[in-house]
Amino acid sequence: MPVDASLPAVAGPTAPPSPLLSFWRSFRENRGAVMGLVVVVFVIFVAIFAHVLAPHDPLEQFRGFTKLPPIWVDGGSWTYPLGTDALGRDMLSRLMYGSRISLFIGLSVMVVSMICGVVLGLASAWFGGVTDVIILRIMDLIMSIPSLVLAILIVAIIGPNLTNTIVAVTVVYLPRYVRLVRASALTELSKDYVTAAKVSGVGPWRLMFVTVLPNCLPPLIVQAALGVCDAILEAAALGFLGLGAQPPTPEWGSMLADSRDLITSHPWVMALPGIAILITVLAINLMGDGLRDALDPRLKKS
Amino acid sequence: MFRFLLRRLALTVPTFLALMFVTFMMIRLVPGDPIEVRRGERGISPERLAELRHEMGLDQPILKQFADYAWGLLHGDFGVSIITKNPVLQEFLTLFPATVELSICALLFAILIGVPAGVIAASRRGGVYDQSLMGLALTGYSMPIFWWGLILILVMSNTLGLTPVSGRVDLINYYYPSVTGFMLIDSLLSGEKGAFLDAVRHLILPTIVLGTVPLAVIARMTRSSMLEVLEEDYVRTARAKGLAPYRVIGIHALRNALIPVVTVIGLSVGSLLAGAVLTETIFSWPGVGKWLIESIGRRDYPALQGGIMLISSIVIVVNLLVDLTYGLINPRIRHAR
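Chain B is annotated in an unreviewed UniProt entry as ABC transporter permease subunit of Taklimakanibacter albus.

Chain A has the name ABC transporter permease subunit in an unreviewed UniProt entry, where Taklimakanibacter albus is given as its organism.

In structure tokens:
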């Protein structure tokens, strides 16, 4: 077992390191996690500065230059480093703008799920009784329908576009957050410090959000990081089925779907968006594993 | 144990009821209705339209429609597909074996590779094997499986010509009656030369694609569960008394380490079915996943309702069984609830 740096130093002459610093020390130990972090930062950088970095407009069709191969294949040119798609749009630019969309979906789903999950989970744990039963049954119901089928159904009802993709994916993954918050809130509520807070007259709102919630955060943060991955993959799957962001939006999943006909003749058009998804999701997963080890030593083994 | 069973069963009843209601309501909310779709195609008169609506009960108050629907469900009547005019249950049962066959193969693939990989990684903790196996597992876990499917088709089918691109059976060369609905068994029963091999060749790619994510999950789970068990006293005792390492790891430790893994496998049925939707679409596999997607496109209410109802019921029942067996294996759980 490596020494766990996230625990406060025992009786030393110096003050214990700040939580942030000790977190970073323990995160740094995990080489994979740091690598993941580097890639994630890179993808975020590309997404933010896509309009500066991209060599071309992602929607512009260069009619004379359709299906150009990437630079390392014969016939590739530096004007279109990763080649062009069937309509002559620059692949590199589309991939760069695509990172915006995927990250936006991932982060939006995470933020909305976190908020809803915390509210519902805390309500469930605090009120108990009928509220608890109703919330849990609804979550059970959502979980009993295969995730993609439910997402497709929701999108079919409210219409396929970017916002609705976010709504659908949020609903599908909400139960995980709710159950997680509820479970850890229940554990915390039975502890002495909560009783102490109650006795000293802390109101229910303050008790839930200021006293209890921070102690439920570590597993929630880990779930959030992994939730971003699930959201990106699910949204890309919807895009692939034609139910996500609509063309000509450069969304990675729909780019893949568009390129299905070119699979034998121009495989890179199909390969590149998939590689982009894989690398992004893998990097976030690596980071999530590191986060888990650093934030919550109890979870280290699971 | 009996009480535990009753309690668990009672908990599923409201879920079922809610499921019925939600599938019914949600599908009513899908914009456009099947009659409208049909009118566009054929240009039928308004009178005939009203007649059709009446035939399908779409002119009834919505609560009446729900009551009829629920009553039918309780009698095993899942409605009639608007497009094909076949009973939904019958359509589902025709297609379901294909999905089950694919899912079982994928799960076997995942278990047969995932468990040994996890055990090897755990027994060489921190070593090269551990790191590369877990790196691969995380890659598999992060895989967009629709892309993975296309890549495999590109490499295995188009470039190397090893496997067919899509479908389930080569009807031009082989024809055999459907006895069980499972191609692997039917082709063997037919005794036709090469038929079984053909069925296997069609299964390989979809199996890999659908099995990749469960494989990664199982490998990671086995590893962490093994690591936990290997720290236990009884493992140290087994080692101290001089048992061969493979006996300690493979028999003493693995047995206990597999308990949480079995749960994970059982609970992955839902995600397996979700993955089947994508896999079946990519490989034109004639299963319920592809059928559901097509039903959404055709606005086939009864097929959708019935299909989602049936699939979700299966997930609920399987999860229930997993819970119960878990309670059997591990008595601590039983009393904790």
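(A) Focus on the overall build of chain B. Of regular secondary structure, chain B possesses 15 helices and zero strands. Along the first, second and third principal axes, the C-alpha set of chain B runs to 85 × 55 × 35 Å. A buried classification covers 47% of the 337 residues belonging to chain B. Of the contacts formed within chain B by residues at least 6 apart in sequence, a portion of 71% connects residues at least 24 apart.

(B) Expanded view of helix α11 (residues 267-295) of chain A. Taking 1.5 Å of rise per residue, the 29 residues of α11 of chain A would be expected to cover 42 Å, and the 42 Å separating its terminal C-alpha atoms lies within 8% of that figure. With 23 of 29 residues buried, α11 of chain A lies mostly within the body of the structure.

(C) Spatial organisation of the interface of chain A and chain B. Counting residues at the interface gives 41 residues for chain A and 45 residues for chain B. Carbon and sulfur atoms supply 77% of the area that chain A and chain B bury against each other, a total of about 3800 Å² over both sides. Linking chain A to chain B there are one salt bridge. Among the ionic pairs, Arg-220 of chain B bridges to Asp-289 of chain A, the shortest N-O distance being 3.1 Å. At the junction of chain A and chain B, the tally comes to five residue pairs in polar contact (both at pLDDT 80 or more). When residues of the side of chain A that touches chain B are traced back to their parent elements, those giving at least two are α5 (129-144), α6 (147-158), α9 (204-240) and α11 of chain A. Partitioning the side of chain A that touches chain B into residue classes produces 28 nonpolar, six polar and seven charged.

(D) Spatial organisation of unusual backbone geometry. Residue and element names in this part refer to chain B. With phi around 70°, Lys-85 is a residue other than glycine that occupies positive phi space. For Lys-85, the location among the structural elements is in the loop between α4 (62-74) and α5 (88-123). Even without being glycine, Ser-284 reaches a positive phi, approximately 45°. For Ser-284, the location among the structural elements is in the loop between α12 (269-283) and α13 (288-298). The exposure class assigned to Ser-284 is partly exposed, which follows from its relative accessible area of 35%.

(E) Representation of a nonpolar patch on the surface within the structure. Residues and elements named next belong to chain A. Taken together, Val-111, Val-112, Ile-115, Val-119, Trp-205, Phe-209 and Val-210 make up a surface patch of nonpolar side chains, about 670 Å² in accessible area. Within the residue set of the nonpolar patch, elements represented by two or more residues are α4 (91-127) and α9. Per element, the largest residue contribution to the nonpolar patch is four residues, and it comes from α4. As for its placement among the helices and strands, Val-111 is situated in helix α4. Val-111 gets classed as partly exposed once you look at its relative accessible area, which sits at 40%.

(F) A look at the pattern of salt bridges. The final tally for this structure, using the stated rule, is 14 salt bridges over all chains. Across the pair Asp-140 of chain A and Arg-137 of chain A runs a salt bridge whose closest N-O atoms are separated by 2.9 Å. Taken as a pair, Asp-140 of chain A and Arg-137 of chain A lie in helix α5 at a separation of three residues, close to a single helical turn. In this structure Arg-137 of chain A comes out as buried when scored by relative accessible area, which is 17%. If you follow the salt bridges from partner to partner, you end up with Asp-289, Arg-292 and Asp-293 of chain A together with Arg-220 of chain B in one network.

What counts, and where the lines are drawn
Each chain has its residues counted from 1, following the order in which its sequence is written. Chains carry letters and ligands carry numbers; both start at the beginning, A for chains and 1 for ligands, and go up in the order they are written. Owing to the predicted nature of the model, reporting of local features is limited to residues with pLDDT of at least 70; listing and counting of side-chain atom pairs is limited to 80 or more, with chain, interface and lining totals taken over all residues. Excluded from the side-chain calculation are hydrogens and water; included are all heavy atoms of the structure. Strands are runs of DSSP state E lasting at least two residues, helices are runs of H or I lasting at least four, and both sets are numbered from the N terminus onward. Per-residue accessibility, obtained with a 1.4 Å probe over protein chains only, is compared with the maximum for each type, and a residue is labelled buried under 20%, exposed over 50%, and partly exposed between these values. Any pair of residues with heavy atoms lying within 4.5 Å of one another is described as a contacting pair. Multiplying 1.5 Å by the helix residue count minus one yields the expected span of that helix. The term buried area denotes the loss of accessible surface (1.4 Å probe radius) that occurs when two parts are joined, taken as the sum for both partners. Each reported salt bridge corresponds to a side-chain nitrogen of Lys or Arg within 4 Å of a carboxyl oxygen of Asp or Glu. The definition of a polar contact used here is a pair of N or O atoms within 3.5 Å, where within protein one atom must be able to donate a hydrogen and the other to accept one, and adjacent residues in sequence count solely through side-chain atom pairs. Asp, Glu, Lys and Arg are counted as charged, while Ala, Val, Leu, Ile, Met, Phe, Trp, Tyr, Cys and Pro are counted as nonpolar; the rest, among them Gly, fall into the polar class. Residues with no salt bridge and a relative accessible area higher than 30% make up the patches, which join like charges within 9 Å and nonpolar side chains (Val, Leu, Ile, Met, Phe, Trp, Tyr) within 5 Å. The Shrake-Rupley method, run with a 1.4 Å probe sphere, supplies the accessible areas, and residue values consider only the shown protein chains as cover.

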